[in-house]
Amino acid sequence: MKKMIFALLVLLTIVSCSNNTQPSCSDECCKKECNTVIETIMTRRSIRKYTDQAVPRELLDKIAECGINAPNGMNAQQWEVRIVDNPEWLKNITEAQRKAAEGTPMAKQFQDPAMKNIFRNAPAVIFIAHKPGHCTQVDCGLMAGNMVLSAKSLGLGSIVMMGPLGFFSTEAGEPFLKSLELSEGYKLLLCVGIGYADEEPAARPRNKEVIKYVE
Ligand SMILES: Cc1cc2nc3c(=O)[nH]c(=O)nc-3n(C[C@H](O)[C@H](O)[C@H](O)COP(=O)(O)O)c2cc1C
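Below: a short report on this structure. The shown structure was predicted, so the numbers you read here are calculated from the model rather than taken from an experiment.

**Notes on the overall build of the chain**
A count of helical and extended segments in the chain gives 7 helices and 4 strands. From first element to last, N terminus to C terminus, the chain shows the α and β order α-α-α-α-β-α-β-α-β-α-β. Taking all 215 residues of the chain together, 33% fall into the buried category. Of the accessible surface of the chain, which amounts to about 14300 Å², a share of 57% is contributed by carbon and sulfur atoms.

**Here we look at the pairing of strand β3 (residues 157-161)**
A regular strand places its side chains so that they alternate between the two faces of the sheet. Of all 5 residues in β3, 4 are buried, a share of seventy percent or more. Of the pairings in the sheet, the one linking β3 to strand β4 (residues 187-195) comprises 5 bridges and is antiparallel in character. Looking across to β4, one finds that methionine 161 is bridged to cysteine 191.

**Regarding the site of the ligand**
Lining the immediate surroundings of the ligand are 13 residues, of which Ser46, Arg48, Arg120, Gly163 and Arg204 lie closest. Between the ligand and methionine 162, the relevant distance is 3.1 Å, taken from a nitrogen atom to a main-chain nitrogen or oxygen of the residue. With respect to the ligand, the side chain of arginine 204 contributes an N or O atom lying 2.8 Å from an oxygen atom. When the free accessible area of the ligand is taken as 620 Å², the share hidden by the protein chains comes to 68%. Residue classes in the shell around the ligand are distributed as 5 nonpolar, 2 polar and 6 charged.

**Looking at the packing of helix α4 (residues 57-68) against helix α6 (residues 136-153)**
Contact geometry of α4 with α6 gives a least axis separation of 7 Å together with a crossing angle of 145°. The two elements α4 and α6 meet at a crossing, and its hand is right-handed. Taken together, the residues of α6 that come into contact with α4 (itself represented by Ile63, Ala64, Cys66, Gly67 and Ile68) are Met143, Asn146, Met147, Ser150 and Ala151. By residue class, the composition of the contact of α4 with α6 is 7 nonpolar, 3 polar and no charged.

**With respect to α6**
In a regular helix each residue adds 1.5 Å, so 18 residues correspond to 26 Å; α6 covers 26 Å between its end C-alpha atoms and thus fits that length. Looking at the buried side of α6, the elements it contacts are α4, β1 (79-84), β2 (124-130), β3 and β4. Once α6 ends, the next one or two residues include glycine 155, with phi positive near 85°.

**Here's the deal with the pattern of salt bridges**
Counted by the stated rule, this structure contains 7 salt bridges. With its nearest N and O atoms 2.6 Å apart, the salt bridge here joins arginine 98 to glutamate 95. In this pair, arginine 98 and glutamate 95 both sit in helix α5 (residues 87-101), 3 residues apart, roughly one turn of the helix. Between glutamate 102 and arginine 98 there is a salt bridge whose closest N-O contact spans 3.4 Å. With relative accessibility at 30%, the residue arginine 98 sits in the partly exposed group.

Cut-offs and rules
- Residues numbered from 1 in each chain as written.
- Predicted model: local features only at pLDDT ≥ 70, side-chain atom pairs only at ≥ 80, totals over all residues.
- Heavy atoms only, no water.
- Helix = DSSP H or I, 4+ residues; strand = E, 2+ residues; numbered from the N terminus.
- Buried < 20%, exposed > 50% of the residue type's maximum accessible area, 1.4 Å probe, protein only.
- Areas by Shrake-Rupley, 256 points an atom, 1.4 Å probe, with all protein chains shown as cover.
- Pairing = 2+ DSSP bridges.
- Near = heavy atom within 4 Å.
- Polar contact = N/O pair within 3.5 Å; in protein donor to acceptor, adjacent residues only side chain to side chain.
- Nonpolar A, V, L, I, M, F, W, Y, C, P; charged D, E, K, R; others polar.
- Axes fitted to C-alpha atoms, helices over the stretch in contact; angles between N-to-C directions.
- Left-handed = near helix turned anticlockwise from the far one by under 90°.
- Contact = heavy atoms within 4.5 Å.
- Expected span 1.5 Å × (residues − 1).
- Salt bridge = Lys/Arg side-chain N within 4 Å of Asp/Glu carboxyl O.

Following this line, the structure appears as structure tokens:
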């Protein structure tokens, strides 16, 4: 009898563990969507204000790994990923761009005291480069999508950016591009800022009318 009760307990433990991928129905998430992936997609927002807390490298590793697991044309994986979490590097590039912008309309953005760096203040930035080709831009977009969603699911804020990359192709930006040590033929395409969010922006409106069934 004792053995039977023990076996029953073991079975119950196994069954309850195998259901752990779904939140229990008392969870807020379950009430709304009953699906944590959809919940993550619908609540992710671009974050432009971060706390000073550094992002642990284990989390950056996980986010980068999720990135390279994105679908990509013929699994050719013609992309490269560089992670920068060195505050000096981020400070130096921001200072270099501030200097280069002196006397231009760009100078204004550097007067904002809330501006910590040119990557929307993120304490870590993941650069994504591609080998220009048939579908590599799409591949990298999907990679960035995986990164922002995995960041959100790990309790981090994020933002996809293209704006700050223009500086890398200027004379003042060249040393920073070099420091990324991209392989021959690879070009910077986008970057993803990651950090602990210090704001909770509302969702920007989406136009649902772009979605139509074709009968
Ligand atoms: C390819 C791409 C480039 C972007 N570049 C920038 C950028 O340079 N600076 C910025 O503040 N946001 C940038 N964004 C973020 C968008 O502004 C943001 O995703 C959009 O306004 C929707 O808001 P949400 O992400 O909060 O839903 C970029 C997003 C994408 C996908």
